[in-house]
Amino acid sequence: MEASVRAFFERYERLFRKSLGGAMDADEIADLYASEFLAASPAGVTTGRNDERLKQVMAEGYARYRAMGTKDMRIRNVRISPLDDLHCVAHVAWRATYARMDRADVTIDFDVHYFVQTLEGGPKVFGWVSGDEQALLRQHGIV
């Protein structure tokens, strides 16, 4: 499981960076997620479906990242905590770089914890837990 989940997050990073560049492939992005998923952050817990609405929300999200100056997103580390033979939590340490017109680029490190299920079709994210993204962006003067 570990090798397939690591390869999955290499793909996840590659698609994220491609989408930041404006070349998002909605079907490839949707393929990263299970048919239903949940997200938890200080803003609350939400659920969603892997449907056309997800593709629209993802496109809007990448446009928002570009508008705030996000120029790169890289994985610093992936640590995997197996739950059973089919499920794990992937603790992903990210590094985001933001272009600033009036000063040097800003780099922010943050973590997201992804719940991953590996079935015949390969790993899929069925949930994630993240910190307070808006507070972190405000702290660094991004928003």
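Residues numbered from 1 in each chain as written. Predicted model: local features only at pLDDT ≥ 70, side-chain atom pairs only at ≥ 80, totals over all residues. Heavy atoms only, no water.

Structural notes on the nonpolar core
What counts, and what does not: Residues enter a nonpolar core if they are buried and are Ala, Val, Leu, Ile, Met, Phe, Trp, Tyr or Cys, with the set joined through side-chain atoms within 4.5 Å. Residue burial is assigned from relative accessible area. The probe radius is 1.4 Å, only protein chains are included, and a residue is buried under 20% of its type maximum, exposed over 50%, and partly exposed in between. Secondary structure elements are defined from DSSP: runs of H or I of at least 4 residues count as helices, runs of E of at least 2 residues count as strands, and each element is numbered from the N terminus.
If you look at the biggest cluster of nonpolar residues, it comprises 33 residues, and the most contacted ones within it are Phe9, Tyr12, Tyr33, Ala90 and Tyr114. If you list the elements that add at least two residues to this core, you get helix 1 (2–20), strand 1 (33–41), helix 3 (52–67), strand 3 (70–82), strand 4 (87–98) and strand 5 (106–119). With seven residues, the single largest contributor to this core is helix 1.

Concerning the layout of surface pockets
The following threshold applies: Lining residues are defined by having an atom within 4 Å of a point belonging to a cavity or pocket. Those points lie on a 1 Å grid over the protein atoms alone, cavities being sets where a 1.4 Å probe fits but cannot get out and pockets being open sets with protein on both sides within 12 Å along at least five of seven lines. Grid points are joined across faces, edges and corners, and a volume is the space filled by probe spheres set on the points. Here the nonpolar group is Ala, Val, Leu, Ile, Met, Phe, Trp, Tyr, Cys and Pro; Asp, Glu, Lys and Arg are the charged ones; every other residue, Gly included, is treated as polar.
In this structure, the largest pocket encloses a volume near 1,200 Å³. The wall of the largest pocket is formed by 41 residues, among which Arg64, Tyr65, Trp128, Ser130 and Glu133 lie closest to the centre. Elements with a minimum of two residues in the lining of the largest pocket: helix 1, strand 1, strand 2 (44–49), helix 3, strand 4, strand 5, strand 6 (122–130) and helix 4 (133–139). Its residues assigned to classes, the lining of the largest pocket comprises 24 nonpolar, nine polar and eight charged.

A look at the pattern of salt bridges
Condition: The salt bridge definition used is simple: a Lys or Arg side-chain nitrogen within 4 Å of an Asp or Glu carboxyl oxygen.
For the structure on display, the rule yields 14 salt bridges. A salt bridge links Glu2 to Arg6; the nearest nitrogen and oxygen atoms lie 2.9 Å apart. Remark: Arg6 and Glu2 occur in helix 1; sequence separation between them is four residues, near one turn of the helix. Judged by its relative accessible area of 32%, Arg6 is partly exposed. For Arg17, the salt bridge is made with Asp72, and the minimal N-O distance between the two is 2.7 Å. Taken together, the residues span a long stretch of sequence, with Arg17 in helix 1 and Asp72 in strand 3 at a distance of 55 residues. Taken together, the salt bridges that share partners define one network made up of Arg76, Arg95, Asp109 and Asp111.

Some details on the packing of aromatic side chains
For the record, the criterion: In this scheme Phe, Tyr and Trp rings, the latter by its six-membered ring, pair at centre separations within 6.5 Å, and the angle between planes marks the pair as stacked below 30 degrees, edge-to-face above 60, and tilted otherwise.
Taken as a whole and judged by the stated rule, the model has 15 aromatic pairs. Note on Tyr12 and Trp94: the rings are 6.0 Å apart at their centroids and 50 degrees apart in plane angle, and the pair reads as tilted. Of the two residues, Tyr12 sits in helix 1 while Trp94 sits in strand 4, which places them 82 residues apart along the sequence. Owing to a relative accessible area of 7%, Tyr12 belongs among the buried residues under this scheme. Residue Trp94 is classed as buried on the basis of its relative accessible area, which comes to 2%. Where Tyr33 meets Trp128, the ring centres are 5.8 Å apart and the plane angle is 65 degrees; that geometry is what we call edge-to-face. Here the residue Tyr33 occupies a position in strand 1, and Trp128 occupies one in strand 6, the gap between them amounting to 95 residues. Here the aromatic cluster, defined as three or more aromatic residues joined through ring pairs, consists of Phe8, Phe9, Tyr12, Phe16, Tyr33, Phe37, Tyr62, Tyr65, Trp94, Tyr114 and Trp128.

Structural notes on the pairing of strand 6
Under the convention used in this document: Here a strand pair is declared whenever DSSP counts at least two bridges between the two strands.
With four bridges connecting them, strand 1 and strand 6 associate as parallel partners. Its bridge partner being in strand 6, Leu38 is matched across the sheet by Gly127. With antiparallel pairing between neighbouring strands as the criterion, strand 5 and strand 6 make up a hairpin whose turn holds two residues.

With respect to the environment of Ala34
Definition in use: Here a residue-residue contact requires only that any non-hydrogen atoms of the pair lie within 4.5 Å.
Of note, Ala34 is situated in strand 1. On the basis of relative accessibility, which here comes to 12%, the residue Ala34 falls in the buried class. Taking the C-alpha atoms as reference points, Ala34 and Val89, 55 residues apart in sequence, are found 14 Å from one another. With sequence-adjacent residues up to four places away left out, Ala34 is seen in contact with Asn50, Lys124, Val125 and Phe126.

Any functional reading would require information that these geometric values do not contain.
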